[in-house]
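Chains, contacts and geometry: an overview
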Amino acid sequence: MKFENQICPVCENKFTENDEIVVCPECGTPHHRECYFSLGECKNKVLHNENFSYKPVEVKTEGIDVLIEDDVKKTEEILDVVNVEFNSEDSKNNEALNNTIEELFKNINGKTTDQVLINNTPSSFYESAVGKNQNYYMPRFLIMEGTNKKQFLNVFAFIFPLAWSVYRKMYKLALLVFCIYIALMGITVAPLMTNEEIMTSMEQCVSEDPNCMENILLYQSGQSVKLTKNQAQLVKLLNDFKISPIIVYGTFAVSICMKIFMGLSATKLYKEKLEKNIKRVMKLPLDDAQRKTYLKSKYGVTPMFVAVIIGFIEYTFLGRF
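Residues numbered from 1 in each chain as written. Predicted model: local features only at pLDDT ≥ 70, side-chain atom pairs only at ≥ 80, totals over all residues. Heavy atoms only, no water.

Remarks on the overall build of the protein chain
To keep things clear, this is the line we draw: Going along the chain from the N terminus, every DSSP run of H or I of four or more residues is numbered as a helix, and every run of E of two or more is numbered as a strand. Only protein chains enter the area calculation, which uses a 1.4 Å probe; residues under 20% of their type maximum are buried, those over 50% are exposed, and those in between are partly exposed. Whether two residues touch is decided by their heavy atoms; if any such pair falls within 4.5 Å, the residues are in contact. For the accessible areas, the method is Shrake-Rupley and the probe is 1.4 Å, while residue cover comes only from the protein chains on display.
Helices and strands together make up the secondary structure of the protein chain, namely 15 helices and 4 strands. The buried share of the protein chain, reckoned over its 321 residues, is 37%. Long-range contacts, defined as pairs at least 24 residues apart, comprise 60% of the intrachain contacts of the protein chain with a sequence gap of at least 6. For the protein chain, the accessible surface area stands at approximately 19,000 Å², while carbon and sulfur atoms represent 56% of it.

Focus on unusual backbone geometry
You will see that Glu12, though not glycine, has its phi angle at about 65 degrees, which is positive. Take Glu12: it is sitting in the segment before β1 (21-23). By relative accessible area, Glu12 is classed as partly exposed at 27%. Backbone geometry places Lys169, a non-glycine residue, at a positive phi of 55 degrees.

A few points about the pattern of salt bridges
Applicable threshold: For salt bridges, the criterion is a side-chain nitrogen of Lys or Arg within 4 Å of an Asp or Glu carboxyl oxygen.
According to the stated counting rule, one finds 6 salt bridges in the structure shown. Between Asp240 and Lys236 there is a salt bridge; the shortest N-O distance is 3.0 Å. Pair noted here: Asp240 and Lys236 are both in helix α12 (residues 229-240), with a separation of 4 residues, about one helical turn. Judged by relative accessible area, Asp240 falls into the partly exposed class, the value being 47%.

Examining the packing of helix α6 (residues 134-146) against helix α13 (residues 245-282)
The line we're drawing: Each axis is a line fitted through C-alpha atoms, taken for helices only over the stretch in contact, and angles between the N-to-C directions span 0 to 180 degrees. Any angle from 65 to 115 degrees is called roughly perpendicular, while one under 35 is roughly parallel, one over 145 is roughly antiparallel, and all others are oblique. Gly is put with the polar residues, along with every residue not named as nonpolar or charged; the nonpolar set is Ala, Val, Leu, Ile, Met, Phe, Trp, Tyr, Cys and Pro, and the charged set is Asp, Glu, Lys and Arg.
Direction vectors running N to C along α6 and α13 enclose 85 degrees, while the axes themselves pass 10 Å from each other. What the angle tells us is that α6 and α13 run roughly perpendicular. Note on element contacts: α13 touches α6 through Thr267, Lys268, Tyr270, Lys271, Leu274 and Glu275, opposite Tyr136, Tyr137, Arg140, Phe141, Met144 and Glu145. Per-class residue counts for the contact of α6 with α13 are 6 nonpolar, 1 polar and 5 charged.

Describing the confidence of the model for the protein chain
Heads up, the rule is: For every residue, the predictor assigns a confidence score, pLDDT, that lies between 0 and 100.
Looking at the protein chain, the pLDDT average stands at 79 and 80% of residues meet or exceed 70. Between the elements of the protein chain, mean pLDDT differs from a low of 41, seen in helix α2 (residues 62-70), to a high of 95, seen in helix α8 (residues 161-167). Here residues 59-79 is a poorly scored stretch, pLDDT under 50, and it has 44 contacts once near neighbours within four places are set aside; other chains count. Scored below 50 in pLDDT, residues 81-91 shows 13 contacts in the model against residues more than four places distant or in partner chains.

Things to note about the state of the cysteines
What we call a disulfide is simply a covalent bond connecting the sulfur atoms of a pair of cysteines. So the rule is basically this: Disulfides are defined as cysteine sulfur pairs within 2.5 Å.
Following the criterion strictly, the structure yields 0 disulfides and no others. In this structure Cys8 is a free cysteine whose sulfur lies 3.9 Å from that of Cys11, the closest cysteine sulfur available. Owing to a relative accessible area of 0%, Cys8 belongs among the buried residues under this scheme. Of the cysteine sulfurs around Cys212, a residue in no disulfide, the closest is that of Cys205, at 4.8 Å. Of the residues examined, Cys212 reaches a relative accessible area of 0% and is grouped as buried.

Written out as structure tokens, the structure reads:
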């Protein structure tokens, strides 16, 4: 059957040998018989005035199966070594490992990225959506697709969960991470803000000199600044103030747990997000080249300078809680 392994545009399932297929007489688009009559018209009817003509996509369903049978063990061994030796000082060794992964992905049993499928979609669409660092994510996506291995250590997501989420345009996840940081900050600062003696002393300093907090910060940073009596008293109270160990260790534990979760689950969450985005884009009346361009521009990565700024803020301020 010439439409076997092609995808019905209505239900988005592949045609099989026993399916009854209805072909649009105007553009040649194949549909499952039930899908065609339930819709009542060709799925691509809106394109008929543009002389649209259906062109089958050559895909091979055995791509993932062949990868699993022949290469997955080798790939997992390579990735395990990369994860263990990620921070190794032997840069030549790391470079060799990365080159091995790159070659493995480019030459999966001689197949192109349009022939290897991820979630019934050519992996070339995932390449376009990933944009940067394809050679890191694509082999892991392929392994997750065909095995029970769903967790890989993502060092960037572990150290900078907020910056990584923004960089990969996972804004809902970024908002969740930011809220956790703010909650931890609030829990840590709350005992200080509710200390009556400190707050009274602070009010006296501010009433005496609106810029008193600036002077205190300069003094605390080691600069030579002359403090007033009230300012010196406030500095002493702040230095003597101790936060409960339960709060200190509790917030630290929550922060570490969040980072461990992000480090181990970020790649899986990213793949799931891409699957939803790609499925949405595949429904648009665009050809494959236009879809890939759209994926890269809309779902690629945030400019690096934005991620660097957020990473600096995260490490300098938020990451301390």
